[in-house]
Amino acid sequence: MEYLDFELPIKELEEQLDKCVIIGEESDVDVTETCKQIEKKLAETRKEIYKGLTAWQRVQLSRHPNRPYTLDYIKAICGDTFLELHGDRTVRDDKAMIGGLGKIGDQSFMLIGQQKGFNTKTRQYRNFGMANPEGYRKALRLMKSAEKFDIPVVCFVDTPGAYAGIEAEERGQGEAIARNILEMTRLKVPIIVVIIGEGASGGALGIGVGDKVLMLENTWYSVISPESCSSILWRSWEYKEQAAEALKLTAPDMKKLKMIDEIVKEPIGGAHSNREKTFETVKNKIVTHFKELEKLSPKELVEQRMEKYSNMGVFNG
């Protein structure tokens, strides 16, 4: 288990508890009461730390190396029913963007999302979750297939941004993302978007337009990362914490600004602290929102979606 800087008090108490248990097992000393006191202190410390997280601390949690990624959610939610589909039929198969058909109960879904790696080799293979234009074109191909067969779409957003390399720009990165946004606004099937980690810039928006947009509690959604914002405004990454607060990028901020529809509660300690509970919660939310959306006709879906996004940013003085 890896710990972030602000989680070090938890690490110390967990180590004390482990030592206490070992002493009890290896000697005749009764340490039951001592262990109970440490457990109580640990529970209080956890509650205190995670109750008052800053924007920057939530950004750190969203990037935690043990945090579940898109494929983890899909495999947990759909099991063996998931069939991955590949390629954009133009350039190649982008490994940073994954998608395919899967079932939740008896209902089929087209599941799409950015995929990060869990070690150096897989991070390079997945391009750190940064999709090229062909990744967004693959996502759009799958969405149009879902529309053709009347299958709802679920998108999992977790990216530090779309890939900004020269070759990506040469192949039309901006156009690919813009095309996805346009096509998603008028797709005639329900779209549920779940932000499970980082939701950065156009890279997130390329699969982020939905009838329902949900954010896990310790995720962020913004036009730019705190580090990049800090480097532009202050010419240094040292002000990333200040930038994170100013950007209003946390789930509560997004809900207040009406950019998302619901905040999905995470277990204390983050999604990685209890993966099974997180997967179950996300699955239930997807099913609940789909049951609401399936009552609407294709025309009503598109009209409500267009109205929702048209109202964003409107200010009445």
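See the structure shown above.
Every value quoted in this text rests on a predicted model; they were computed, and no experiment measured them. (Residues numbered from 1 in each chain as written. Predicted model: local features only at pLDDT ≥ 70, side-chain atom pairs only at ≥ 80, totals over all residues. Heavy atoms only, no water.)

**Student:** Can you help me understand helix H2 (residues 32–51) in this one?
**Tutor:** For an α-helix, the turn length of 3.6 residues means that residues three or four places apart are oriented alike. Between its first and last C-alpha atoms H2 spans 28 Å; for 20 residues at 1.5 Å apiece the expected length is 28 Å, and the two agree. Burial in H2 covers these residues: Cys35, Ile38, Leu42, Thr45, Ile49 and Tyr50. An end-on view of H2 places all buried positions within 110° of arc, on one side of the element. Among the exposed residues of H2, those pointing more than 90 degrees away from its buried face are Glu33, Gln37, Lys40, Lys47, Glu48 and Lys51. Against the buried residues of H2 lie helix H1 (8–26) and helix H3 (55–62). (Helix = DSSP H or I, 4+ residues; strand = E, 2+ residues; numbered from the N terminus. Expected span 1.5 Å × (residues − 1). Buried < 20%, exposed > 50% of the residue type's maximum accessible area, 1.4 Å probe, protein only. Arc of directions from axis to C-beta. Contact = heavy atoms within 4.5 Å.)

**Student:** Would you mind going over the pattern of salt bridges with me for this structure?
**Tutor:** Opposite charge on two side chains allows them to pair when their charged atoms are near. Under the counting rule described, the total for this entry stands at 21 salt bridges. A salt bridge links Arg275 to Asp72; the nearest nitrogen and oxygen atoms lie 3.8 Å apart. Taken together, the residues span a long stretch of sequence, with Arg275 in helix H13 (residues 275–293) and Asp72 in helix H4 (residues 70–78) at a distance of 203 residues. On the basis of relative accessible area, Arg275 is assigned to the partly exposed category, the value being 28%. The shortest N-O distance in the salt bridge between Arg186 and Glu183 comes to 3.2 Å. Residue class for Arg186 comes out partly exposed when judged on its relative accessible area of 42%. (Salt bridge = Lys/Arg side-chain N within 4 Å of Asp/Glu carboxyl O.)

**Student:** Looking at this model, I keep getting lost on the packing of aromatic side chains. Mind explaining?
**Tutor:** The relative placement of two aromatic rings is captured by the distance of their centres and the angle of their planes. By the definition in use, this model includes four aromatic pairs. A ring pair is formed by Tyr73 and Phe156, whose centres lie 5.9 Å apart and whose planes are at 25°; its orientation type is stacked. Linking Tyr73 in helix H4 with Phe156 in strand S4 (residues 153–159), this pair joins segments that are 83 residues apart in sequence. Seen in terms of ring centroids, Phe109 and Phe290 are 5.3 Å apart; in terms of plane orientation they differ by 70°. Their pairing is edge-to-face. Here Phe109, found in strand S3 (residues 107–114), pairs with Phe290, found in helix H13; they are 181 residues apart in sequence, far enough to count as distant. Just as Phe109 is buried, Phe290 falls in that class too. Pairwise contacts between aromatic rings join Tyr73, Phe156 and Phe279 into one cluster. (Phe/Tyr/Trp six-rings, centres within 6.5 Å; stacked < 30°, edge-to-face > 60°.)

**Student:** How should I be thinking about the pairing of S4 in this particular structure?
**Tutor:** Side chains on a regular strand alternate between the two faces of the sheet. With seven of its seven residues buried, S4 lies for the most part within the structure. Neither face of S4 is left uncovered, since the one carrying Val153, Cys155, Val157 and Thr159 and the one carrying Val154, Phe156 and Asp158 both have all their residues buried. Two strands pair when backbone bridges link them, and S4 and strand S5 (residues 191–200) are joined in this way by six bridges, in the parallel orientation. Within the sheet, the bridge partner assigned to Val157 lies in S5 and is Ile195. (Pairing = 2+ DSSP bridges.)

**Student:** Help me out: how do you make sense of the pairing of strand S6 (residues 212–216) in this one?
**Tutor:** A large share of S6 lies buried, amounting to five of its five residues. Here S6 shows a buried face lined by Lys212, Leu214 and Leu216 and a second buried face lined by Val213 and Met215. Pairing of S5 with S6 involves four bridges; the strand directions are parallel. Within the sheet, the bridge partner assigned to Val193 lies in S6 and is Val213. Summarising the sheet, S6 and strand S8 (residues 262–264) pair through three bridges and their orientation is parallel.

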